[in-house]
Amino acid sequence: MFKFLSDVVTTATVSADWIGIRAVKDTTKACAIRDAHPESNTQRFGHGAMVEVLANGQFGYSATNNLSESSLAAAIVSAYGQAIAASDWAVHSFTVAARPKATGNYVSPHRKGLDALSPAELNQILLRICDQLKVSDSIAQTTASARSHDIETWFVSSNGSEIYQRDYVIETHFGTIAQDGPTTQLRTDHGYLAHSYQGGWELFPGLDLWQRVQQVGEQAVELLHADNCPDLATTLVLAPDQMMLQIHESIGHPLELDRILGDERNYAGGSFIQLEDFGSLDYGSKLMNVTFDPTVAGELASYGFDDVGATATREYLIRAGKLERGLGGLESQQRSHVPGVANSRASSWNRPAIDRMANINLEPGDRTFEDIIANIEHGIYMETNRSWSIDDQRHKFQFGCEYGKLIENGQLTRTLKNPNYRSVTPQFWHSLSQVGDRSTWEIYGTPFCGKGEPNQLIRVGHGAPVCAFEAIEVFGGAV
Amino acid sequence: MTSAVVVAKQLAEKVFGELADAIASHLAGATDFTLSLSGENSQFTRFNRAHVRQSGQVNDGNLLLTLMQDDRTASATVPFVGEFETDWPLLKTALAELQGMVPQLPVDPFLVLPTGSATSRTVHQGEILAVDQIASTLLSPVNTLDFTGIYAGGLIFRGYADSAGQRHWFESTSYSLDFSLFDPQNRAVKGTFAGNQWQQAKFLDKIDQAKHQLTMMARPAKTIERGQYRTYLAPAAVAELLHMFSWGGVGEADLQQGNSAFGLLRQGQRQLSPKFTLQENFEQANMPRFNGYGEVAPLQLPIIQQGQLVNSLVSSRSAKEYKTPSNYASRGEHLRAPEILTGSLTADQILPRLERGLYLSNLHYLNWSDHPNGRVTGMTRYACFWVENGEIVAPIENLRFDESLYHCFGDGLMDLTTFQETIPEIDTYDCRGLGDSRVPGILVDDFTYTL
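Because the structure is a prediction, the values reported are computed rather than measured. (Residues numbered from 1 in each chain as written. Chains lettered and ligands numbered in written order. Predicted model: local features only at pLDDT ≥ 70, side-chain atom pairs only at ≥ 80, totals over all residues.)

Visitor: So what's going on with the overall build of chain B? Which residues, and what values?
Guide: Within chain B, the secondary structure is distributed over 10 helices and 18 strands. Rg of the C-alpha trace for chain B: 24 Å, near the compact-globule value of 22 Å for 451 residues, within the 12% margin. In terms of principal-axis extent, the alpha carbons of chain B reach across some 75 × 55 × 30 Å. Within chain B, residue pairs in contact and separated by at least 24 positions form 71% of the contacts whose partners lie at least 6 positions apart. (Helix = DSSP H or I, 4+ residues; strand = E, 2+ residues; numbered from the N terminus. Rg over C-alpha atoms; globule rule 2.2 N^0.38 Å. Contact = placed C-beta atoms within 7 Å.)

Visitor: Tell me what's going on with the UniProt feature "domain: Metalloprotease TldD/E C-terminal" (unreviewed entry) in chain A, and back it up with residues and numbers.
Guide: Mapped onto this numbering, the UniProt entry gives "domain: Metalloprotease TldD/E C-terminal" (unreviewed entry) at residues 235-474 of chain A. A helix fraction of 15% and a strand fraction of 38% characterise residues 235-474 of chain A, whose end C-alpha atoms lie 9 Å from each other. (UniProt positions renumbered as here; feature names shortened; annotations may be inferred.)

Visitor: Could you give me a rundown of the sheet that holds strand β12 (residues 315-319) of chain A, with the residues and numbers involved?
Guide: Residue and element names in this part refer to chain A. Taken in spatial order, the 4 strands of this open sheet run β13-β12-β11-β16, and their pairing is antiparallel. The sheet terminates laterally at β13 (322-323) and β16 (360-362), the two strands that pair on one side only. Relative to β12, strand β11 (residues 290-292) runs antiparallel, the two being bridged by 3 bridges. Paired with F292 across the strands is E315, a residue of β12. Strands in contact with helix α5 (residues 240-252) are β11 and β16; relative to β16, the strand with the most contacts, it is inclined by about 115°. (Pairing = 2+ DSSP bridges. Axes fitted to C-alpha atoms, helices over the stretch in contact; angles between N-to-C directions.)

Visitor: If you had to explain the UniProt feature "domain: Metalloprotease TldD/E central" (unreviewed entry) in chain A to someone new, which residues and values would you point to?
Guide: As recorded in UniProt, the feature "domain: Metalloprotease TldD/E central" (unreviewed entry) lies at residues 114-223 of chain A. Each end of residues 114-223 of chain A is marked by a C-alpha atom, and these two atoms are 37 Å apart; helix forms 27% of the span and strand 44%.

Visitor: Provide a residue-level description of the interface of chain A and chain B, including the pertinent values.
Guide: Chain A puts 65 residues into the contact, and the matching count from chain B is 70 residues. Considering each element in turn, the side of chain A that touches chain B owes the most residues, 11 residues, to strand β2 (residues 37-55) of chain A. Class assignment for the residues of the side of chain A that touches chain B results in 24 nonpolar, 33 polar and 8 charged. Of the pairings in the sheet, the one linking strand β3 (residues 58-64) of chain A to strand β2 (residues 51-69) of chain B comprises 5 bridges and is parallel in character. Along β2(B), the bridge assignment pairs A:T64 with B:N59. (Nonpolar A, V, L, I, M, F, W, Y, C, P; charged D, E, K, R; others polar.)

Visitor: Please provide a residue-by-residue account of helix α4 (residues 209-224) of chain A, values included.
Guide: Count 3.6 residues to each turn of an α-helix, and residues three or four apart come out pointing the same way. Residues and elements named next belong to chain A. In this model, α4 (16 residues) spans 23 Å end to end at C-alpha, consistent with the 22 Å of a helix rising 1.5 Å per residue. Along α4, the residues that are buried comprise V213, V216, G217, Q219, A220 and L223. One face of α4 carries all of its buried residues, which in axial projection span an arc of 165°. Summarising the contacts, the buried residues of α4 are in contact with α3 (119-133), β5 (139-157), β6 (162-180), β7 (183-188), β18 (396-408) and β19 (411-417). (Expected span 1.5 Å × (residues − 1). Buried ≥ 20, exposed ≤ 12 C-beta atoms within 10 Å, placed from the backbone. Arc of directions from axis to C-beta.)

Visitor: Please set out the pairing of strand β23 (residues 456-464) of chain A residue by residue, giving values where relevant.
Guide: Counting buried positions over the 9 residues of β23(A) gives 8, a clear majority of the element. The turn linking strand β22 (residues 442-451) of chain A back onto β23(A) is made up of 4 residues, and A:G452 within it adopts a positive phi angle of 95°.

Visitor: Lay out the domain arrangement of chain A in plain terms, naming residues and giving numbers.
Guide: All names here are of chain A. Its domain assignment divides chain A into domain 1 (2-225) and domain 2 (228-475). With centres defined by C-alpha atoms, the gap from domain 1 to domain 2 works out at 21 Å. Between domain 1 and domain 2, the residue contacts involve 41 residues of the former and 35 residues of the latter. By residue class, the composition of the side of domain 1 that touches domain 2 is 20 nonpolar, 15 polar and 6 charged. (Domains from an automatic or database assignment.)

Visitor: Mind laying out the domain arrangement of chain B, listing which residues take part and the relevant values?
Guide: When the parts of a complex come together, some accessible area is lost, and that lost area is often used as the size of the interface. Residues and elements named next belong to chain B. Domains assigned within chain B are domain 1 (3-216) and domain 2 (227-449). On a C-alpha basis, the centres of domain 1 and domain 2 stand 25 Å from each other. Domain 1 puts 34 residues into the contact, and the matching count from domain 2 is 25 residues. Among the elements of the structure, β1 (32-48), β4 (119-124), β5 (146-162), β6 (167-182), β7 (188-195) and α4 (200-216) are those that each provide at least two residues to the side of domain 1 that touches domain 2. Take the side of domain 1 that touches domain 2: its biggest share by element is 6 residues, from β6. Taken together, the residues that form the side of domain 1 that touches domain 2 break down as 12 nonpolar, 15 polar and 7 charged.

Visitor: Could you give me a rundown of the nonpolar core, with the residues and numbers involved?
Guide: Residue and element names in this part refer to chain A. A49, V51 and V53 are the most contacted members of the largest nonpolar core, which has 224 residues in total. A total of 8 residues in this core trace back to one element, the largest contributor, which is helix α2 (residues 69-87). What V53 contacts, discounting residues up to four positions off in sequence, is V14, A16, I19, G60, I76, A79, Y80 and A83. (Core = buried A, V, L, I, M, F, W, Y, C linked by C-beta atoms within 7 Å.)

Visitor: Can you explain the confidence of the model for chain B? Please cite residues and give values.
Guide: All names here are of chain B. Of the residues in chain B, 98% reach a pLDDT of 70 or more, and the chain-wide mean stands at 95. Between residues 1-7, whose pLDDT stays under 50, and residues either more than four places distant or in other chains, the model counts 4 contacts. For this predicted complex, the interface score ipTM comes out at 0.96, alongside a pTM of 0.96. (pLDDT = per-residue confidence, 0-100.)

Visitor: Explain the UniProt feature "domain: Metalloprotease TldD/E C-terminal" (unreviewed entry) in chain B residue by residue, including any values.
Guide: Taking the UniProt record as the reference, the feature "domain: Metalloprotease TldD/E C-terminal" (unreviewed entry) is found at residues 227-448 of chain B. As annotated, residues 227-448 of chain B has a helix share of 17% and a strand share of 38%, and its two end C-alpha atoms lie 6 Å apart.

Visitor: So, unusual backbone geometry: which residues are in play, and what are the values?
Guide: All names here are of chain A. The residue after F204, namely P205, is reached through a cis peptide bond having omega -5°. For P205, the location among the structural elements is in the loop between β8 (195-198) and α4. Residue P454 is bonded to the preceding E453 through a cis peptide linkage, with omega at 0°. Turning to its location among the elements, P454 is positioned in the loop between β22 and β23. The phi dihedral of T384 falls on the positive side, at around 70°, and the residue is not glycine. With respect to the helices and strands, the residue T384 is situated in strand β17 (residues 378-390).

Visitor: Lay out the packing of α2(A) against helix α3 (residues 131-139) of chain B with the relevant residues and their values.
Guide: Orientation of α2(A) relative to α3(B), taken along the N-to-C sense of each, is 20°, at an axis distance of 8 Å. Here α2(A) is positioned roughly parallel relative to α3(B), judged by the angle of their axes. Here α2(A) runs over α3(B); the crossing is right-handed. Counting all contacts with α2(A), which are made through A:G81, A:Q82, A:A85 and A:A86, the residues of α3(B) involved are B:V131, B:D132 and B:A135. Considering only residue class, the contact of α2(A) with α3(B) consists of 4 nonpolar, 2 polar and 1 charged. (Parallel < 35°, antiparallel > 145°, perpendicular 65-115°, else oblique. Left-handed = near helix turned anticlockwise from the far one by under 90°.)

Visitor: Outline the pairing of β3(A), supporting the account with residue identities and numerical values.
Guide: Residue and element names in this part refer to chain A. For β3, the buried fraction is high: 7 of the 7 residues fall into the buried class. Neither face of β3 is left uncovered, since the one carrying Q58, G60, S62 and T64 and the one carrying F59, Y61 and A63 both have all their residues buried. With 7 bridges connecting them, β2 and β3 associate as antiparallel partners. Paired with M50 across the bridge in β3 is A63. Linkage of β2 to β3, two consecutive antiparallel strands, is achieved through a turn of 2 residues, within which N56 is found at a positive phi near 55°.

Visitor: Outline the environment of B:P79, supporting the account with residue identities and numerical values.
Guide: Structurally, B:P79 is set in strand β3 (residues 72-79). With residues near it in sequence (within four places) discarded, B:P79 still touches A:G46, A:H47, A:N65, B:G61, B:N62 and B:L90.

Visitor: An account of the environment of A:L193 is requested, with residue identities and associated values reported.
Guide: Residues and elements named next belong to chain A. Within the element layout of this structure, L193 appears in the loop between β7 and β8. In this structure L193 comes out as buried when scored by C-beta crowding, with 21 C-beta atoms within 10 Å. Sequence-wise, L193 and I170 are 23 residues apart; in three dimensions their C-alpha atoms are separated by 9.6 Å. With near-sequence residues (within four places) excluded, L193 lies in contact with E171, H173, T446 and P447.

See the structure below:
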């Protein structure tokens, strides 16, 4: 593939400053079961190439799913035309420094291949999950699904880049809805497809799967008869499967440099962070240490290079509460003069790279889960995101969870349904009062981070410990 | 449009037909299939501060082959480039893999086999901007403004064929411009502009409207305390609420499985206003009427009529499972051509009847906050104003709302406007979207703001 793509680049007829091709082959296999019947069994093979050309300081692109030599050659001409047509109106005059020469490989860690489970075996496991979720007649719906992805990417350029990366991804989910008359309650395995990781079928079914299935079914029924979360300001303790969403929405997105530079203002929105805040702003409590880390083995958004060839490294975004670095790739770094990271990423061959999260993790502190709860006189503990909404500057948010517990006098007591909370981002992170240790740290992922024009969904990973926040407004649902 | 795109447009329909014929000739009589095609030749030009941020073209297409045999089924997707000699080997390989896979799978008791003899062909011709005209045409009139957004245009095509002999083709050459204008205080107004024929005069008029609205944003912003206020939601804001009807809303499967905000409406425990009527209306929709089973939806289908849930969206799969007639909804049972009927509120009466409260042009980032009770949270966005004595007083700092659809379209619904606006579907996740919604503005009493 490298030779074929390199030959296309070297024989190009346009007088560009730089030409690059990112070719992608993606094989996805997916199975979904509902109420012990098959919903879908699908496989998807896709391929295509993103051709980028730099001319007159402007990048132009042309993407095609026709991988013939003539089609790619035509795409180079088309991308050159795009760059020239736009260059008089360019938002910034880019240089080749935005596409440095890079060579190397990255392959996801995996012990088993993606063919290790046959479609028949996968269906049988998911059917059994649905069966086991139905712990009582109150269970109105059971679902279980699993997807595997084998994604190969080749990146070549006119300045000598040759990068090969291969992602093996497993995404799994199960959940149930319990119903009693007009009351319904959803309970899932840490949120929709939150069990998304890089690896092979050694990840599923894991050793604790059947215990988790039983617990999800039982907790759905338990929630039917639980009290509503009370309306008050109190200490809020979040489990790692909700911290994932909290980090994503109120740290990840506001730190994206393209949002701060204004690219996203018409769609996803801007940010309350300004360029001059980097290096000086106290983002939150001194207990707060946040890293951009695409080097964590098995986390969903790990890679060796981003989609423009920047080498991926672990970097602190926030250290001891202070904002150090933005989530911006080489183009945003040229435009903003703010330190960034290797995060120019595209959802596939048919979209250009933009600033994205990868793995954004909250580093562990020094408290066990028992320590955290024991230190709280009154509070609410919440698990598993079920609702999320935040404003376009990433300021005012309201998040809802599936499962809550009342904390009284240092102990978890009654189960609570419909636990929700709302706050404002800086105030919330400054209220961080306890950070769990490594024993409380868990990693989850999501394939559904949406952003960009044209729109793109991309995979991100988030690792976090259990955390406690002071004086947060919590509330429940309709009685 | 480039010459390569013209060739692709001419060949795609022909090659798709040849591929469907080839599949049919390779399958024995006991096996059914459906073959769907989705493709586009699209231009995307992205703007920031009245400059071009990114510009490019995407030529993409995918074939979805579904095989059905002995009450079992599986599907495969492969690329489509519009050349039989390129596309057939991949499709043939997928067919062979499905033939090996389907017998391994569990029986699907709700499998929908292709039946009927429906055929259709719809072509929406278009005249849109050439690549080298886009930047200058769009940016020259706004070069002194903080203009940001995206132009997307080109050919979109959809095809369907099956073993029963049904055949459908849909193509549309269209564009959409989705933009915002910002003032130095970072306050913004929003505009969308879409169609099949680029109309420069209408574009300039749209920009002038946005500029005028932006001048109203220059007044000092008013901070509104949380509470309940009478609120006017303009059509674009209503369209955001309408999206919620397709996400755990009026689909039959969601209603049956306890996953709907309108379960209480069906059970008679909650009511909507007799002023509220929602229907599917394909009369003017830029959207295929055929679904993934090759079925053609009725031209009109009432969903909520004068507050009563008279129809859910029922796919043929749900029809089989729940033993109720299909109304040829899509597999996902989401609204494809929604329309909310108008009321009696004339444009000049909006502010007087609002009297004191909030005028909201747009909403942002909606999600269920209490799904079974139809409660939705989200943010105000863009041109939103505080109104006193029937006059706009000041723009507002953005507010979070948390309110039930049973209130917005139920006991809180004071009136709907006498006019509708067509809100184009401008999503471009994976591919450019099709369709639009036709919605009026609504006046709601005691709309709840929480942060």
